[in-house]
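Take a look at the letters that make up each chain.
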Amino acid sequence: MFALPLLHPLFAAEKLKLIYRALPATGEMLPGISLGAGTAFDGDWSKFEETDLMMIAFANLGGELLLPTEQGVAFPSVFSQLSGNRISKTGLRIQASLTLDAANQTEIMMAQMGRQQIEYVTLVADAPVGNAIHSLEKLYRSKKIRHAGIAATEATVSELPEIWKSFRISYVEIPYHIYSEESIEKVLIRARKDNVGVFVADPFMGEKVPVSLDEQIARDSFFQRYSVRSTAQAHLKYILSHPAVTTILAPASNSREISRFMEAGTGLLPEGRDREIFREKLFV
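Residues numbered from 1 in each chain as written. Predicted model: local features only at pLDDT ≥ 70, side-chain atom pairs only at ≥ 80, totals over all residues. Heavy atoms only, no water.

Asks: Sorry if this is basic, but what is going on with the overall build of the protein here?
Replies: The helix and strand inventory of the protein stands at 11 helices and 10 strands. The buried share of the protein, reckoned over its 284 residues, is 55%. Put simply, the protein shows about 12800 Å² of open surface, and 51% of that area lies on carbon and sulfur atoms. (Helix = DSSP H or I, 4+ residues; strand = E, 2+ residues; numbered from the N terminus. Buried < 20%, exposed > 50% of the residue type's maximum accessible area, 1.4 Å probe, protein only. Areas by Shrake-Rupley, 256 points an atom, 1.4 Å probe, with all protein chains shown as cover.)

Given below as structure tokens:
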């Protein structure tokens, strides 16, 4: 590991007054903006110093939920050092096609990471997930995991309601953004009705951080009412304003982005006609 600077402006950051949403399965509260750390844990060793700074910034600002990608858990010693005493809720992602024995895979990762419990285990639905879900049941019973969820692509998201009717899952992880089609809106409505949480992935439609409207948004009195100062913050506020959304896995790649993204999870959220205005102003 690289040595951390002794002083860093985000080390002493005050915790933000984040918007919290209840996970329908249990009622436990999650911050509206969380961290999907895939861009940080992509196997590039040169990024570990920035990753450490990013994780500390996330925790200091009040971050609680961290879901790394498959590449992230390939470096469990680093992940353990970064999150062990700073992040209160962590998770793993396992591709359903890689193993039918998701329980054993999770146990191995827990041992590598030095964790007694993993709060969220997400199965990536790149193959039928039935057997993998069943294999997680013994971890539920042993209280080694708190929640299991399914991650779906935009092409497979419509299949999720049939999955959660058959298996016990607490949440789904889906792509959702201002350009999302009606099929995803229908799944969001159904998830809320069926008490399934929604973790939003890919809020920027594959872009790292959209900046195209930054100057225009910063001057816009409408956005100023919602403390929005950038294109990215406007996208995040719009997504979080959907009542079915539990948390957004923000794709930050450095500590400055963490701070800006998490600011979007504070203050007022647009409702009714204002929510439509958000979409109209961003739909370019």
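Asks: Help me understand the environment of Arg219 in this model?
Replies: Relative to the helices and strands, Arg219 is located in helix 7 (residues 214–219). Between the C-alpha atom of Arg219 and that of Ser230, which follows or precedes it by 11 residues, the distance is 10.0 Å.

Asks: What's the story with helix 9 (residues 231–240) in this structure? I'm lost.
Replies: Three- or four-residue spacings in an α-helix give side chains the same orientation, since the helix completes a turn every 3.6 residues. Among the 10 residues in helix 9, 10 count as buried, and that is most of the element. When we look at burial in helix 9, the residues that qualify are Thr231, Ala232, Gln233, Ala234, His235, Leu236, Lys237, Tyr238, Ile239 and Leu240.

Asks: Is there a simple way to explain the sheet that holds strand 8 (residues 171–175) in this structure?
Replies: Consider a sheet: its strands pair through backbone hydrogen bonds, and that pairing is either parallel or antiparallel. Read around the closed barrel, eight strands run 3-4-5-6-7-8-9-10, paired in parallel fashion. Pairwise comparison of adjacent strand axes, ignoring direction, gives a mean angle of 25° for this sheet. As paired elements, strand 3 (residues 33–36) and strand 4 (residues 65–67) share two bridges and run parallel to each other. Pairing of Gly36 across the sheet is with Leu67, part of strand 4. (Pairing = 2+ DSSP bridges. Axes fitted to C-alpha atoms, helices over the stretch in contact; angles between N-to-C directions.)

Asks: Where do I start with the side chain of Ser135 in this structure?
Replies: Turning to its location among the elements, Ser135 is positioned in helix 4 (residues 130–142). Since its relative accessible area comes to 15%, Ser135 is described here as buried. Here Ala102 takes part through its backbone nitrogen, which lies 2.9 Å from a polar atom of the side chain of Ser135. Polar side-chain contacts of Ser135 include one of 2.8 Å to the backbone oxygen of Ala132. (Polar contact = N/O pair within 3.5 Å; in protein donor to acceptor, adjacent residues only side chain to side chain.)

Asks: I would appreciate a short explanation of the nonpolar core in the present structure.
Replies: One broad trend across soluble globular proteins is that nonpolar side chains are buried collectively. Core analysis: the largest hydrophobic core is formed by 73 residues, its most contacted members being Leu160 and Ile258. Contacts of Leu160, omitting those with residues within four sequence positions, involve Ile150, Ala152, Val172 and Ile174. Core analysis: the next-biggest nonpolar cluster, separate from the first, contains eight residues, Leu65, Tyr120, Tyr171 and Phe199 among them. (Core = buried A, V, L, I, M, F, W, Y, C linked by side-chain atoms within 4.5 Å. Contact = heavy atoms within 4.5 Å.)

Asks: How should I be thinking about unusual backbone geometry in this particular structure?
Replies: Among all residues except glycine, the phi angle is most often negative; among peptide bonds, the trans geometry is most common. The backbone of Lys143 shows a phi angle near 65°, a positive value even though the residue is not glycine. Relative to the assigned elements, Lys143 resides in the loop between helix 4 and strand 7 (145–151). The class for Lys143 is exposed, based on a relative accessible area of 62%. Positive phi values are uncommon outside glycine, yet Asp202 reaches one of about 55°. Here Asp202 lies in the loop between strand 9 (197–201) and helix 7.

Asks: Just checking my understanding: could you explain helix 11 (residues 272–282) for this structure?
Replies: Along helix 11, the residues classified as buried are Asp274, Arg275, Ile277, Phe278 and Leu282. All buried residues of helix 11 lie within an arc of 155° about the axis, which places them on one face of the element. Those residues of helix 11 that are exposed and aimed more than 90 degrees away from the buried face are Gly272 and Arg273. Considering only its buried residues, helix 11 is in contact with helix 7, helix 8 (221–224) and helix 9. (Arc of directions from axis to C-beta.)

Asks: Looking at this structure, I do not really get the pattern of salt bridges. What am I missing?
Replies: Overall, the coordinates contain 10 salt bridges when judged by the stated rule. The partner of Glu173 in a salt bridge is Arg93, with the nearest N and O atoms 2.8 Å apart. Of this pair, Glu173 sits in strand 8 while Arg93 sits in strand 5 (residues 89–95), placing them 80 residues apart in sequence. Accessibility expressed as a relative area gives 6% for Glu173, which makes it buried. Asp220 serves as the salt-bridge partner of Lys281, at 2.9 Å between the closest nitrogen and oxygen. Linking Lys281 in helix 11 with Asp220 in the loop between helix 7 and helix 8, this pair joins segments that are 61 residues apart in sequence. In this structure Asp220 comes out as buried when scored by relative accessible area, which is 15%. (Salt bridge = Lys/Arg side-chain N within 4 Å of Asp/Glu carboxyl O.)

Asks: When you look at the side chain of Asp274 in this model, what are you seeing that I'm missing?
Replies: Positionally, Asp274 belongs in helix 11. Although buried, Asp274 forms no salt bridge, and the nearest oppositely charged side chain, Arg225, lies 4.2 Å from it. Apart from residues no more than four positions distant in its own chain, Asp274 is found in contact with Phe222, Arg225 and Tyr226. (Lys, Arg positive; Asp, Glu negative; His and termini not counted.)

By themselves, these are just geometric observations and shouldn't be taken as functional.
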